Amino acid sequence: MIKTNNLDERDYELIHAAEEVIKKNYRYGRHHIGSAVRSSSGKIFAAVHVEANVGRITVCGEAMAMGKAISEGEHEMKTIVAVAHPHPHEDMEDCWVVAPCGMCRELISDYGKETDVILSYHGKLVKCNVMELLPEKYGV
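Residues numbered from 1 in each chain as written. Predicted model: local features only at pLDDT ≥ 70, side-chain atom pairs only at ≥ 80, totals over all residues. Heavy atoms only, no water.

Which entries qualify depends on this criterion: UniProt positions are given in the numbering used here, feature names are shortened, and annotations may be inferred rather than shown by experiment.
Under an unreviewed UniProt entry, the name given to the chain is CMP/dCMP-type deaminase domain-containing protein, and the organism recorded is Bacillus infantis NRRL B-14911. Recorded in UniProt under Sequence similarities (unreviewed entry), the annotation for the chain is "Belongs to the cytidine and deoxycytidylate deaminase family."

Shown next as structure tokens:
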């Protein structure tokens, strides 16, 4: 069982930023995940994932948002979230929070073992430290 914390107003602001970026940029078969990261300075950076025809070269939304933050000089991440946009054939209207994939868990932790991740856990939106999601992290 992972240790979780309840969300606060700033966390919902981050979710909203991720939803807004994917709603604005959703393209079926190209972009269906939006992500937002809050740096330790409080700035929010949002981006969409970049889908590729060859799956291994797809870049996740979390990596894109972190890259955007780092490119703007923000190197310490406080909190990150990703949301999925429904496809046209899905019978739903709203985005939903998704957990980071294994590679993103590694990447997030590489750039900050203290970074919190917002995810759905037992049907409730919570945040937890990335290391809760990556026990026994690979290290050099």
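That shown, we press on.
### Points about unusual backbone geometry
Worth spelling out the cut-off: Helix numbers and strand numbers start at the N terminus; a helix is a DSSP run of H or I with at least 4 residues, a strand a run of E with at least 2. Each residue is placed in one exposure class: buried if its accessible area under a 1.4 Å probe, protein chains only, is under 20% of its type's maximum, exposed if it is over 50%, and partly exposed if it falls in between.
Non-glycine residue histidine 122 carries a positive phi angle of around 55 degrees. Here histidine 122 lies in the loop between strand 5 (116-121) and strand 6 (124-129). Even without a glycine there, the phi angle at glutamate 136 is positive, about 60 degrees. We classify glutamate 136 as exposed; its relative accessible area is 79%.

### Some points on the pairing of strand 5
Rules: The pairing criterion for strands is at least two bridges between them, as found by DSSP.
Across two bridges, strand 3 (residues 77-84) lies against strand 5 in parallel orientation. Among the inter-strand pairings, isoleucine 80 is bridged to a residue of strand 5, identified as valine 117. When strand 5 meets strand 6, the two strands line up antiparallel, connected through six bridges. Bridge pairing in strand 6 places isoleucine 118 opposite lysine 127.

### A look at the pattern of salt bridges
Operational definition: Each salt bridge in this description consists of a side-chain nitrogen of Lys or Arg and a carboxyl oxygen of Asp or Glu lying within 4 Å of one another.
This structure, assessed with the given rule, holds seven salt bridges. Measuring nitrogen to oxygen at the nearest pair gives 3.7 Å for the salt bridge that ties glutamate 74 to lysine 43. With glutamate 74 in the loop between helix 2 (61-71) and strand 3 and lysine 43 in the loop between strand 1 (33-39) and strand 2 (44-48), this pair connects stretches of sequence that are 31 residues apart. Two residues, lysine 137 and aspartate 110, come together in a salt bridge whose shortest N-O distance is 2.6 Å. Placement of the pair is lysine 137 in the segment after strand 6 and aspartate 110 in helix 3 (residues 102-110), with a sequence separation of 27 residues. Salt bridges sharing partners connect three or more residues here, namely Asp8, Asp11 and Lys127.

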